[in-house]
Amino acid sequence: MSKQVIVIGGGVAGLEAAGQLSKAGIEVSLIEKENKTGGHLNDWYKLFPDRRNSSEVKEYLDGITHHDGIKLLTNTTIEKFNSNKSHFSIITNEGKELTADAVVVATGFDLFKSARKEEYGYGIYDNVITSTDLEEMFRKGKIVLSNGNVPKTIGIVHCVGSRDEKVGNLYCSKLCCVTAVKQAIELREHLPESKVFCFYMDMRMGGAFYEELYREAQEKWGVNFIRGKVSEAGEAIDNKLIIKVEDTLAGRPLKMEVDLLVLMAGMEMSEGGKKISKMCGLNTGENRFFAVADHHYGSNRSNIKGVFYAGTCTAPMNITETISHARAAVSEVMDYLKNVRK
Amino acid sequence: MQFDPFVIPFNIGLYFILIYSVVRSVIWFRDLSRPDKLRLQRGFFGTAFVQSLKEIFLESLIHRKILKTNFKLGYMHMSLAFGWFLLILFGTIEADIFGTKHLNAPYKAIFFRFFNPEHGGMGFEAVYGFFMDLILAFILSGLFLAVSKRFYSKVVGMRKTTRLKATDKIALISLWLIFPSRLLAESFTSGAHGNGSFLTGSLGSWLATFLPAQQMAYPFWWLYSLSLGTFFILLPITRYMHIPTELFLIFMRNSGIKTGDKSGTYSEVETHSCSSCGICIDACQLNFSVGITNIQSAYLMKAIRNNDDVSDIAHNCLMCGRCDLKCPVGIELSPIRMIQRRAGEPENDFRNIYKGYFRSRQSVALEKTNGSSAYDFLPENNPKKADVLFFAGCMTHLTPTIKNSMIKILEASGVNYNFIDEQGGVCCGRPLMLAGQDKEARELINYNSRMIWKSGAHTLVTSCPICYKVFKESYYLDVEVLHHTQFIKRMIDEGSIKMNFLHKKVVYHTPCDLGRGSGVYDEPKDVLKHVSRLEKSKFEDENSLCCGGSLGNMKISNQQKSKIARDAAAELTKGNPDILATACPLCKKTFSAVTETRVADISEIVAEAMMQPSVKKYILKQVNSIKELANI
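Things to note about the overall build of chain A
So, point 1. Helices and strands together make up the secondary structure of chain A, namely seven helices and 18 strands.
So, point 2. Rg of the C-alpha trace for chain A: 22 Å, near the compact-globule value of 20 Å for 342 residues, within the 12% margin.
So, point 3. Across its three principal directions, the C-alpha atoms of chain A cover 70 × 35 × 35 Å.
So, point 4. The proportion of buried residues among the 342 residues of chain A is 44%.
So, point 5. Considering only intrachain contacts with a sequence separation of at least 6, the fraction spanning at least 24 residues in chain A is 66%.

Structure below.
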């Protein structure tokens, strides 16, 4: 009889893990809380750094998970988790019991809820939006303000909910810088008449081809990068937004009017992940993400034998890293299943 | 003449402390400012003196306030203070009545039984002896509590007790020895002579059954005298200095002297009046939320007395003022802390001399400032004329929902207002003040004052209690300063704004600077009662908690601040309210991050409850525009 594995989460990591496991002849139950798989990938229009369409990656993931060995359960959440040595069972919200020899947790991340930074006015001023809202606009091909006008000046705020002790997130979300650069370029493409300003603390261009993209944004697209964190946004009578920021390179305070303000929301441990960590007794770190068994060579292992992690439920990652991490998780699972004593 | 060498230590101590008290009083009086000297003179010949006597009796002897807060702790203080007072008083009378002659030297009263061993056998003498034993028993019961408190502070219902330095310990031991040694000395003497009352008599006769009472008595009389002498000599450099100093404090306070913002006689008297009772430690959130137990006011007072470096202690405080209102001695703890935060300034620099028995002001020449302003870059501001000014302040700009609600309310109220820092303003100055940078704060105050004068307004409304406090206390303005809750209350009373009742359960958090800091307790609650179901919490009014977001403390980490916030929010939301209401943008911001309950400023709740602006306003607007057209 073939072994069974439950994968929790149908985002990039979960799909990749499920696909690779089924390829290796494992029976997989893939649990997804939404009505379709893909996770955050569905919210993104084009991906950095090459700006390919996100649907291409989705197609690949759908391709590898289109397999008889994968039982997909959408609109499903976990109500109860039991472990008995090497045997795991899960009861879903529909009262269904699933059993498995190993579990892969791929619960991913939640975007930082930008309304928590009230000073930026998300949810208060109409023309303050987040990076996901902007992706939605790109997908529709229409970038307009709440009154239907086309924005002329656009501000992009980096590090919203990342590297911010006041909201309790000390870590860097890694991807918002490059997202900002990508979106700034796209804005300039869509609206050639517009001016785009990015307000950053540090530019963290650590991935392949990120630095090149950053350079392109400045040289080709004339995006302005201003070093300094936006302290607050207010609304003027004509619906324009007034932002206050300290230009730390010039060493002076700056007040500026923009039509549209885009917040680069960071990544946080997902609510679903928090629920599962409590239910299963999985350890979390100070950053609230799952704590891995070893940072160097055990980043897929958890504190429970037979439960493995894949993807951004352990730390912020881009898609490339997420897929690699999910494959590594599969290799750990296979190794575990081979050696585990029944 | 009745004399024995063992009385010498007592006599040395007694005369030392008497002379010391006179010298110190003269120095203190000399250091007072001229107006304060006049206040004291007026107080001496006025009602303040009588009041002070009453207060001294109630607080220094009976310890009424401690009794109210914590009965066992109060009893401990009362039995020692009031009991000792009674023992001295009736001891003196006893010596006077039954002694060989009238007007005896003090030692004859203290060691009465030694010099009159045959006294107290019968009749009135025995009744008097019974009474004296009763007082001694009263003191010993308190002493028992004090000793237990030292080893296990929960005995007297406290979570923490104060830690001591070496001289304090010696003084403490000598204090502890005074009464037991008196008990044993008197008991042995009584045992040897077969007299004494219920305590000394019974203990004495029992001890005499197996010990040579006559020989044992003498060493205990020595011990009694020695412990008294040691205690008196150490008194000025230990916390027991509070015993004589509190009398001065009460009299000075009743004469109308205040701490102010410079150190001087009064702040020194206050510092020495602290008995280290530890009530401030129990009141402090830094203690019960994050376990910091070395910076509370009792420790600050001690560090100032010892002339230690206090800057760490002085700055590690939320400045919430909870301890101020709980201090049974009535020391103005927060103002003293503020003085210490400004300690770099020469007029606040003292050092101890003569082993700490006296203090002297550092003779440092005042640093010359070049007179240039740190804020030259600020543009001149010429606000438009209005009756009412609205000053949102930095924190309200960071919580735009409050700002927008206030605009809605001001618009609806129909007053002629000007939002003076709509395009961003200059800080009110309080954060700088809290950091001890008064000169820089003064520049900002002057800048804002000019702007307010130019507007010609009669009322200034602020949304932030931090601004409110500083506008009220440190600005010299002839405008009425209102917090927005007071303004809203007035608008409701006048009928200028009309509201629907929101069927919501609300609990109110009193912000420190609005409540304890400025005494505004009722208006916010009245407004909330008007629009919602206001529930009570365990921490109301003076007893309200700090939200943890205080600007006053830059020593603790954000994690610690967040812990304080979480604990406070958890306390306030115990009754599962729909809204946790506050009246401060900083409290709102701090609480929103740590609780699932909706946190809202009162202005938001009012704006939500407000009906469409009444017709009155439109008519007024039209009338105004007609007036304008007609150039009236």
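That covers the picture; the talk isn't over yet.
Overview of the environment of Lys72 of chain B
Residues and elements named next belong to chain B.
So, point 1. Mapped onto the fold, Lys72 is located in helix α5 (residues 71-98).
So, point 2. The exposure class of Lys72 is partly exposed, given the 17 C-beta atoms found within 10 Å.
So, point 3. Residues Lys72 and Ile304 lie 232 residues apart in sequence; the distance between their C-alpha atoms is 29 Å.

So, the domain arrangement of chain B
So, point 1. Assigned domains of chain B: these are domain 1 (63-237), domain 2 (257-350) and domain 3 (388-609).
So, point 2. The gap between the C-alpha centroids of domain 1 of chain B and domain 3 of chain B is 55 Å.

A short note on the packing of helix α3 (residues 47-62) of chain B against α5 of chain B
Each pair of packed helices can be described by the angle between their axes along with the distance between the axes.
Residues and elements named next belong to chain B.
So, point 1. One way to put it is that α3 packs onto α5 with a least axis distance of 7 Å and a crossing angle of 120°. Here α3 lies oblique to α5, going by the angle between them. Contacts from Ser60, Leu61 and Ile62 of α3 reach α5 at Met78, Ala81, Phe82 and Phe85.
So, point 2. Class assignment of the residues belonging to the contact of α3 with α5 gives a composition of six nonpolar, one polar and no charged.

What to know about the sheet that holds strand β3 (residues 70-73) of chain A
Residue and element names in this part refer to chain A.
So, point 1. Taken together, the five strands give an open sheet; going across it, the order is β3-β2-β1-β7-β18, and neighbouring strands pair in parallel fashion. Taken across any chain shown, the strands that pair with only one partner, and hence form the sheet edges, are β3 and β18 (307-309). Recorded for the sheet is a direction-independent mean angle of 20° between the axes of neighbouring strands.
So, point 2. Where strand β1 (residues 4-8) and strand β2 (residues 27-31) come together, five bridges link them in parallel fashion. Residue pairing across strands places Val7 opposite Leu30, the latter belonging to β2.
So, point 3. On the sheet, helix α1 (residues 12-23) packs against β1, β2, β3 and β7 (102-105) and is oriented at approximately 165° with respect to β2.

Re helix α19 (residues 333-341) of chain B
Note that an α-helix has 3.6 residues per turn; residues three or four places apart therefore point the same way.
Residues and elements named next belong to chain B.
So, point 1. The element α19 is extensively covered by neighbouring structure, given that eight of its nine residues are classed as buried.
So, point 2. When we look at burial in α19, the residues that qualify are Leu333, Ser334, Ile336, Arg337, Met338, Ile339, Gln340 and Arg341.
So, point 3. In the core, the buried residues of α19 are packed alongside α13 (265-273), α14 (279-283), α16 (297-305), α17 (311-315) and α18 (322-326).

Thoughts on the domain arrangement of chain A
All names here are of chain A.
So, point 1. Taken as a whole, chain A is organised into domain 1 (4-108 + 270-339) and domain 2 (114-266).
So, point 2. Taken together, the ten residues of domain 1 in the interface contact 16 residues of domain 2.
So, point 3. Residues belonging to the side of domain 1 that touches domain 2 are distributed by class as follows: five nonpolar, two polar and three charged.

What about the sheet that holds strand β9 (residues 579-582) of chain B?
Residues and elements named next belong to chain B.
So, point 1. On the basis of which strands lie adjacent, the open sheet formed by four strands has the order β8-β7-β9-β10 and parallel pairing. Of all strands in the sheet, those with a lone pairing partner are β8 (533-535) and β10 (598-601), marking the two edges. Neighbouring strand axes in the sheet, compared pairwise and without regard to direction, differ in orientation by 35° on average.
So, point 2. As defined by bridge partners, β9 adjoins β10 across four bridges and the pair is classed as parallel.

So, unusual backbone geometry
So, point 1. In this structure, the amide linkage connecting Phe48 of chain A to the following residue, Pro49 of chain A, adopts the cis form with an omega of -5°.
So, point 2. Mapped onto the elements, Pro49 of chain A comes out in the loop between β2 and α2 (54-65).
So, point 3. Phi is positive for His63 of chain B, close to 60°, though the residue is something other than glycine.
So, point 4. We classify His63 of chain B as buried; it has 25 C-beta atoms within 10 Å.
So, point 5. Even without glycine at this site, Met319 of chain B takes up a positive phi of about 55°.
So, point 6. In this structure, Met319 of chain B sits in the loop between α17 and α18.

Some points on the packing of α5 of chain B against helix α8 (residues 123-151) of chain B
Residue and element names in this part refer to chain B.
So, point 1. Relative to each other, α5 and α8 sit at 150°, their axes nearing to 8 Å. By the angle between their axes, α5 is roughly antiparallel relative to α8. In this structure, α5 crosses over α8, and the sense of that crossing is left-handed.
So, point 2. For the contact of α5 with α8, the per-class residue count stands at 18 nonpolar, four polar and four charged.

Considering the pairing of β3 of chain A
Residue and element names in this part refer to chain A.
So, point 1. When β2 meets β3, the two strands line up parallel, connected through four bridges. Within β3, the position partnered with Leu30 by the bridge is Leu72.
So, point 2. In this fold, the crossover linking β2 to β3 by way of α2 has right-handed handedness.

Calculation rules
- Residues numbered from 1 in each chain as written.
- Chains lettered and ligands numbered in written order.
- Predicted model: local features only at pLDDT ≥ 70, side-chain atom pairs only at ≥ 80, totals over all residues.
- Helix = DSSP H or I, 4+ residues; strand = E, 2+ residues; numbered from the N terminus.
- Rg over C-alpha atoms; globule rule 2.2 N^0.38 Å.
- Buried ≥ 20, exposed ≤ 12 C-beta atoms within 10 Å, placed from the backbone.
- Contact = placed C-beta atoms within 7 Å.
- Domains from an automatic or database assignment.
- Axes fitted to C-alpha atoms, helices over the stretch in contact; angles between N-to-C directions.
- Parallel < 35°, antiparallel > 145°, perpendicular 65-115°, else oblique.
- Nonpolar A, V, L, I, M, F, W, Y, C, P; charged D, E, K, R; others polar.
- Pairing = 2+ DSSP bridges.
- Left-handed = near helix turned anticlockwise from the far one by under 90°.
- Right-handed = clockwise from strand over helix to strand, strands pointing away.

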